[in-house]
Amino acid sequence: NCDNLKIIGRDRAASRVIISGSNPAPSSLIVASNSSSFAFMTLKNSALSAINCFSGSAEHTVFVESVIIERTVDPIQRSAHESELRRIVIKNCDYGLRNYGAAKCSHLIIHDINTSTAPSNGNASNSYGIRALSGSVVQNCTIHNVTGSYAIDAPGGTVVNCIVSTC
């Protein structure tokens, strides 16, 4: 439970620094504290989340940049208000990105989100590319091949310059 945790991989080589769950997959790969930062890595094969931002009754603010997340249910679980998520690739997950606080999301690529073929074999309902609550800013994102409820759900949020295809 320390604040300001930072895990930084190799600049411009996110595919070379890999944190992967084994069999059976752990529920979370990283449990984040407040103001944690993660960059330049690949996170894959977790039963619940790659980055879990929820502890006790508190949601934590995180900064995530240049991270690839694949084969998990909920890639970044419960990021708090003022979290910043940039240049992330999310693929082959039950959900894309769902924020519980007003996060700032930019330059994301989210693809192949499907409750019927996702890692939890369809146990999640209502899959989506991005779900952002009131006050969120979602910009310059590409969302492709999402089957489920919707590509972008951002009631009260701002969505700017996003591309949605085959959803």
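The structure displayed is predicted, hence computed values, not measured ones.

So, the environment of Ser-83
Relative to the helices and strands, Ser-83 resides in the loop between strand S9 (76-77) and strand S10 (84-86). For the pair formed by Ser-83 and Asn-34, sequence separation is 49 residues and the distance between their alpha carbons is 9.9 Å. With residues up to four places along the chain from it excluded, the contact list for Ser-83 reads His-60, Thr-61, Val-62, Ala-103 and Lys-104.

Section: the sheet that holds S9
Pairing in this open sheet of three strands is parallel, and the strands run S3-S5-S9 from one edge to the other. Edge positions in the open sheet fall to strand S3 (28-31) and S9, since each of these has one partner strand only. Taken together, the three bridges between S3 and strand S5 (residues 49-52) define a ladder with parallel strand orientation. Paired with Ile-30 across the bridge in S5 is Ile-51.

Some words on the pattern of salt bridges
Side-chain pairs of opposite charge can arise where the charged atoms are in close proximity. Taken as a whole, this structure holds seven salt bridges when the rule is applied. In this structure, Arg-87 engages Glu-65 in a salt bridge whose closest nitrogen and oxygen atoms are separated by 1.8 Å. With Arg-87 in the loop between S10 and strand S11 (89-91) and Glu-65 in strand S8 (residues 62-70), this residue pair connects regions lying 22 residues apart in the sequence. Judged by relative accessible area, Arg-87 falls into the partly exposed class, the value being 45%.

Focus on the packing of aromatic side chains
Applying the stated rule across the entire model yields two aromatic pairs. For the ring pair Tyr-128 and Tyr-150, a centre distance of 5.4 Å and an interplane angle of 5 degrees mean the geometry is stacked. Of this pair, Tyr-128 sits in strand S15 (residues 128-131) while Tyr-150 sits in strand S18 (residues 150-153), and the two are 22 residues apart along the sequence. One aromatic cluster is present, built from ring pairs that chain together Tyr-95, Tyr-128 and Tyr-150. Over the face of the ring belonging to Phe-54 we find Arg-78, whose NZ or CZ atom lies 4.1 Å from the ring centre.

Definitions and limits used
- Residues numbered from 1 in each chain as written.
- Predicted model: local features only at pLDDT ≥ 70, side-chain atom pairs only at ≥ 80, totals over all residues.
- Heavy atoms only, no water.
- Helix = DSSP H or I, 4+ residues; strand = E, 2+ residues; numbered from the N terminus.
- Contact = heavy atoms within 4.5 Å.
- Pairing = 2+ DSSP bridges.
- Salt bridge = Lys/Arg side-chain N within 4 Å of Asp/Glu carboxyl O.
- Buried < 20%, exposed > 50% of the residue type's maximum accessible area, 1.4 Å probe, protein only.
- Phe/Tyr/Trp six-rings, centres within 6.5 Å; stacked < 30°, edge-to-face > 60°.
- Lys NZ or Arg CZ within 6 Å of the ring centre and 35° of its normal.

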